[in-house]
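If you want the building blocks of each chain, they are given just below.
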Amino acid sequence: MRPGNRPHETEPTDAEIEAIVAEAIAAEAALARVEAAPPSSAIVWWRAQMRARQEAAVAAERPITIVHALAIAAGAGLMLSVLGYAVAGVNLAAAYQSLASGAALASVDLTSRWVTLPITAMLVSAAVATVAAYFIYADE
Amino acid sequence: MADATFPLEVDARRLHGDAGADASDVALAMDEDAFRAFYDRTSGALWGYLSRISGDRQVADDLLQESYYRLLKSVVPFESEGHRRNYLYRIATNLVRDSKRGPRPLFDAGVEMADMPAPEGPVDAEGRADVRRAFGRLKPRERALLWLAYAHGSSHSEIADVLGLETGSIKLLLFRARRKLAATLQR
């Protein structure tokens with residue numbers, strides 16, 4: 001007989017393998033039954049209720065968070081526009097002073113960012129504030 | 001959120017059996033009585049499954065609660081108790097698969113086997129430790145296959161349902177897993 005060519009009789013049959021495995025797992029399952037100490041159903045139910053409530057509360061708060069973010073954005077936009085308007089006012093005052101000294105009103109550049117920026121900011125913040133106000137007062 | 005503490009008080013009363021409390025405002029897939037009955041029938045076996053598949057009792061404790069919670073939050077229309085149980089095991093299997101892979105103390109804890117209460121059966125403590133180590137050398141899917149087949153007596157279609165496999169492939173996968181476990185045990 002060549003080395004490695006073992007007699008067929010030493011190989012366990014499928015039925016023997018199945019018996020070995022079944023016995024081993026049955027013993028392990030019996031041990032698992034002894035070990036198992038799951039929490040009571042009342043506790044598991046209570047925890048599930050609590051968690052479901054927390055998740056529902058988080059879900060309910062989500063639209064409010066969005067409205068808060070919009071309101072903050074509107075506030076920031078408003079502040080920006082006021083700041084820009086103030087700067088534009090200073091520039092206009094300087095232009096009027098120039099008029100008094102003979103310069104033309106046309107010297108005020110209406111395409112300047114000091115004019116367009118505050119106007120754009122005001123328009124955007126007005127739109128955002130309208131949406132925010134809708135969300136805030138819609139529920140009420 | 002002014003009344004955030006109210007549900008806590010209500011639940012505490014329910015937990016202690018106060019029938020007058022009304023806390024049924026959270027939508028879950030089962031009512032309390034049905035859930036508790038189902039849990040009492042299935043939790044011990046599920047804990048055994050989780051502990052043997054994950055190889056960690058602590059993981060089994062954590063995933064047990066998570067499995068039942070996900071079952072309660074599911075919107076699946078269950079046709080039968082068996083269908084619900086299979087779905088629960090499928091959730092548990094996915095949770096084990098997704099859980100952090102770390103050391104698996106259960107499979108390496110041969111020493112502590114001697115301290116465990118001995119169940120009735122022909123295998124002694126040393127033999128059980130060998131079984132556990134051999135089981136630990138299998139892949140999680142092989143452990144799940146063998147456990148469902150031999151500890152739970154599940155059919156091929158039930159195993160396929162739980163593990164998300166084709167029913168036709170279960171026979172071959174079980175055959176391979178059996179041979180692998182037997183070879184490890186005989187080594």
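Residues numbered from 1 in each chain as written. Chains lettered and ligands numbered in written order. Predicted model: local features only at pLDDT ≥ 70, side-chain atom pairs only at ≥ 80, totals over all residues.

Undergrad: I'd like to hear about the overall build of chain B, residue by residue, with values.
TA: When its secondary structure is counted, chain B shows 9 helices and 0 strands. Each helix and strand of chain B, placed in order from N terminus to C terminus, yields the pattern α-α-α-α-α-α-α-α-α. When burial is assessed residue by residue, chain B has 34% of its 187 residues classed as buried. Summarising the internal contacts of chain B: among those between residues at least 6 apart in sequence, 62% fall at separations of at least 24. (Helix = DSSP H or I, 4+ residues; strand = E, 2+ residues; numbered from the N terminus. Buried ≥ 20, exposed ≤ 12 C-beta atoms within 10 Å, placed from the backbone. Contact = placed C-beta atoms within 7 Å.)

Undergrad: Which residues make up the overall build of chain A, and what values do they have?
TA: Counting its secondary structure elements, chain A contains 3 helices and 0 strands. When the elements of chain A are put in sequence order from the N terminus, they spell out α-α-α. Within chain A, the fraction of its 140 residues that count as buried is 15%.

Undergrad: Just give me the short version of the confidence of the model for chain A, but keep the residues and values in it.
TA: Taken over all residues, the pLDDT of chain A has a mean of 79, while the share at 70 or more is 82%. Summarising per-element confidence for chain A, the mean pLDDT is lowest in helix 3 (residues 113-139) of chain A (78) and highest in helix 1 (residues 14-35) of chain A (90). (pLDDT = per-residue confidence, 0-100.)

Undergrad: Would you mind going over the confidence of the model for chain B in detail, with residue names and values included?
TA: All names here are of chain B. Considering every residue of chain B, the mean pLDDT works out to 79; 71% of them sit at 70 or more. Across residues 109-119, confidence stays below pLDDT 50; counting only partners more than four residues off in sequence or on other chains, it has 16 contacts. Interface scoring of the predicted complex returns ipTM 0.71; its pTM is 0.64.

Undergrad: Please provide a residue-by-residue account of the packing of helix 1 of chain A against helix 2 (residues 32-54) of chain B, values included.
TA: Packing of helix 1 of chain A against helix 2 of chain B leaves a shortest axis separation of 9 Å and a crossing angle of 120°. The way helix 1 of chain A lies across helix 2 of chain B gives a crossing that is right-handed. Contacts between helix 1 of chain A and helix 2 of chain B involve E28, A29, A32 and R33 of chain A from the former and G44, G48, S51 and R52 of chain B from the latter. Considered class by class, the residues forming the contact of helix 1 of chain A with helix 2 of chain B number 2 nonpolar, 3 polar and 3 charged. (Axes fitted to C-alpha atoms, helices over the stretch in contact; angles between N-to-C directions. Left-handed = near helix turned anticlockwise from the far one by under 90°. Nonpolar A, V, L, I, M, F, W, Y, C, P; charged D, E, K, R; others polar.)

Undergrad: I'd like to hear about the packing of helix 2 of chain B against helix 7 (residues 140-151) of chain B, residue by residue, with values.
TA: Residues and elements named next belong to chain B. One way to put it is that helix 2 packs onto helix 7 with a least axis distance of 9 Å and a crossing angle of 150°. You can see that helix 2 and helix 7 cross each other, and the crossing is right-handed. Touching G48, Y49, R52 and I53 of helix 2 are P140, R143, A144, W147 and A151, all from helix 7.

Undergrad: Tell me about helix 2 of chain B, and name the residues and values.
TA: Residue and element names in this part refer to chain B. Its 23 residues give helix 2 an end-to-end C-alpha distance of only 29 Å, which falls more than 12% under 33 Å, the value for a rise of 1.5 Å per residue. At T42, helix 2 shows its largest bend, some 45°. All buried positions along helix 2 are accounted for by Y39, T42, S43, L46, W47, G48, Y49, L50, S51, R52, I53 and S54. Two residues or fewer past helix 2, G55 is found with a positive phi of approximately 80°. (Expected span 1.5 Å × (residues − 1). Bend = angle between axes of the 7 residues up to and from the residue.)

Undergrad: Give a detailed account of the environment of W45 of chain A, specifying residues and quantitative values.
TA: Considering the arrangement of structural elements, one finds W45 of chain A in helix 2 (residues 41-100). For W45 of chain A, a count of 23 C-beta atoms within 10 Å translates into the label buried. When residues no more than four places from it in sequence are discounted, the contact partners of W45 of chain A are E32, F35 and R36 of chain B.

Undergrad: Let's hear about the nonpolar core: which residues, and what values?
TA: The biggest cluster of nonpolar side chains holds 49 residues, and the ones touching the most others in it are V21 of chain A together with L50, A92, L145, L146, W147 and I159 of chain B. By residue number, the principal contributor to this core is helix 7 of chain B, which donates 8 residues. When residues of this core are assigned to domains, at least three fall in each of domain 1 (24-103) and domain 2 (125-187) of chain B. Contact partners of L145 of chain B, with chain neighbours within four places excluded, come to I159, L163, L173, L174 and A177 of chain B. (Core = buried A, V, L, I, M, F, W, Y, C linked by C-beta atoms within 7 Å. Domains from an automatic or database assignment.)

Undergrad: Provide a residue-level description of the interface of chain B and chain A, including the pertinent values.
TA: Between chain B and chain A, the contact holds 43 residues from the first and 34 residues from the second. Those elements that place two or more of their residues in the side of chain B that touches chain A are helix 1 (6-15), helix 2, helix 3 (57-73), helix 6 (125-136), helix 7 and helix 9 (167-186) of chain B. The residue inventory of the side of chain B that touches chain A, partitioned by class, reads 26 nonpolar, 6 polar and 11 charged.

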